Amino acid sequence: DVWNKTWYPKAEDHVNTEKTWYVVDASDKILGRLASTIAIHIRGKNLATYTPSVDMGAFVIVVNAEKVAVSGKKRTQKLYRRHSGRPGGMTVETFDQLQQRIPERIIEHAVRGMLPKGRLGRDLFTHLKVYTGADHPHQAQKPIDLPIRDKRIQKQT
Amino acid sequence: MNKKEVFKLAKGFRGRAKNCIRIARERVEKALQYSYRDRRNKKRDMRSLWIERINAGTRVHGVNYGNFMHGLVKENIQLNRKVLSELSMHEPYSFKALVDVSRTAFPGNKNMTPTPKKEGLAILV
């Protein structure tokens, strides 16, 4: 009675070795818009076989992460905070300083905020691979270009 | 024996809730309450899942869920969301035909002329 039961994926429907790999170049792309499309593809919400409890999404490789752009004065005004847990242990840095120190963390922070928080969300986050520079070590997976439908994602110069 | 029934329902519970009657009784009562509530929630959750799947399936063809359903309503196609989501996953060509039918019936709001803005006392009317 296949038409009256809603389809639920079996184990062979979401094997990691058969998932698509996407690659996207982050240079001069607006940070939030890029992170949003990446999160949609990692979670699998663009597929008709989307299931919230199962990882049906794809892998995404981001290259040129240090060249990601933000609009307005965010480059000097956007703050990244972290707290060590001890009193007085809050560290605040600006977008600029973090980009000098660890550029990958900017995109990772943005995408992690857009993925679900929980066990599955943490697993999904491992499907994001961010690299500075234009090279990535995943040539064997033959990644294809990430299809971007947002028209305002490219920074206007 | 009510205790026997309680322990039968408490199988798989964590810690003392599966072994000790006082705790098991509380947890089983809660579990039965949750299952009552969730039999009603399941219908809502399933419909929401079908809508998400249909949305993903139609966006592949450039149409979003709202416009798609409006087009189907206009054409008096009474397929429910369960069947539409199964079609979008397993019968892609039939689903594309449905999306085309919906698109001819309702091409979307892109070509609407904006309504003229009211000024002065006309705002109150």
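Summarised in this report is the structure supplied together with it. Owing to the predicted nature of the structure, the values given are computational and were not obtained by experimental measurement. The numbers attached to residues start from 1 for each chain and follow its sequence in the written order. In the order they appear in the text, chains get letters beginning with A and ligands get numbers beginning with 1. Only residues with pLDDT of at least 70 are given local features in this predicted model, and only at 80 or more are side-chain atom pairs given and counted; all residues enter the totals for whole chains, interfaces and linings. Derived side-chain values reflect all non-hydrogen atoms in the structure, with water molecules and hydrogen atoms excluded from consideration.

**Quick notes on the sheet that holds strand β1 (residues 21-25) of chain A**
All names here are of chain A. The test is simple: In this analysis, strands are considered paired if DSSP registers two or more bridges between them. A run of DSSP states H or I qualifies as a helix once it reaches four residues; a run of E qualifies as a strand once it reaches two. Both are numbered from the N-terminal end. In what follows, a contact means two residues having at least one pair of non-hydrogen atoms within 4.5 Å. Every axis in this analysis is a line fitted to C-alpha atoms, fitted for helices over the stretch in contact. Angles between the N-to-C directions lie between 0 and 180 degrees.
One open sheet accounts for four strands, arranged β5-β2-β1-β6; its pairing is parallel. In this open sheet, the two edge strands, each paired with only one partner strand, are β5 (128-130) and β6 (144-145). Across five bridges, the pairing between β1 and strand β2 (residues 59-63) is parallel. Along β2, the bridge assignment pairs Val24 with Val62. Sheet strands in contact with helix α1 (residues 31-43) are β1, β2 and β5, and its direction is about 155 degrees off that of β2.

**Quick word on the packing of aromatic side chains**
Residues and elements named next belong to chain A. For the record, the criterion: Classification of ring pairs uses Phe, Tyr and Trp, with its six-membered ring standing for Trp, and accepts pairs whose centres are within 6.5 Å; under 30 degrees between planes counts as stacked, over 60 as edge-to-face, and the remaining range as tilted. Only protein chains enter the calculation, and the probe is 1.4 Å; a residue is then buried if its accessible area is under 20% of its type maximum, exposed if over 50%, and partly exposed in between.
For the structure shown, the criterion picks out three aromatic pairs over all chains. When the centroid spacing of 6.4 Å and the interplanar angle of 40 degrees are considered together, the rings of Tyr80 and Phe95 count as tilted. With Tyr80 in strand β3 (residues 79-83) and Phe95 in helix α3 (residues 95-101), this pair connects stretches of sequence that are 15 residues apart. In terms of burial, Tyr80 and Phe95 fall into one category: buried.

**Re the packing of helix α2 (residues 21-59) of chain B against helix α4 (residues 81-90) of chain B**
Residues and elements named next belong to chain B. Stated precisely, the cut-off is as follows: When an angle is under 35 degrees it counts as roughly parallel; over 145 it counts as roughly antiparallel; between 65 and 115 it counts as roughly perpendicular; any other value is oblique. Should the near helix be turned anticlockwise from the far one by less than a right angle, the crossing is termed left-handed; should it be turned clockwise, right-handed.
Taken N-terminus to C-terminus, the directions of α2 and α4 make an angle of 40 degrees; their axes are 9 Å apart at the nearest point. On the basis of their axis angle, the class for α2 and α4 is oblique. Our pair here, α2 against α4, has a crossing hand that is left-handed. Between α2, through Arg47, Trp50, Ile51, Arg53 and Ile54, and α4, the contact on the second element is made entirely by Arg81, Lys82, Leu84, Ser85, Ser88 and Met89.

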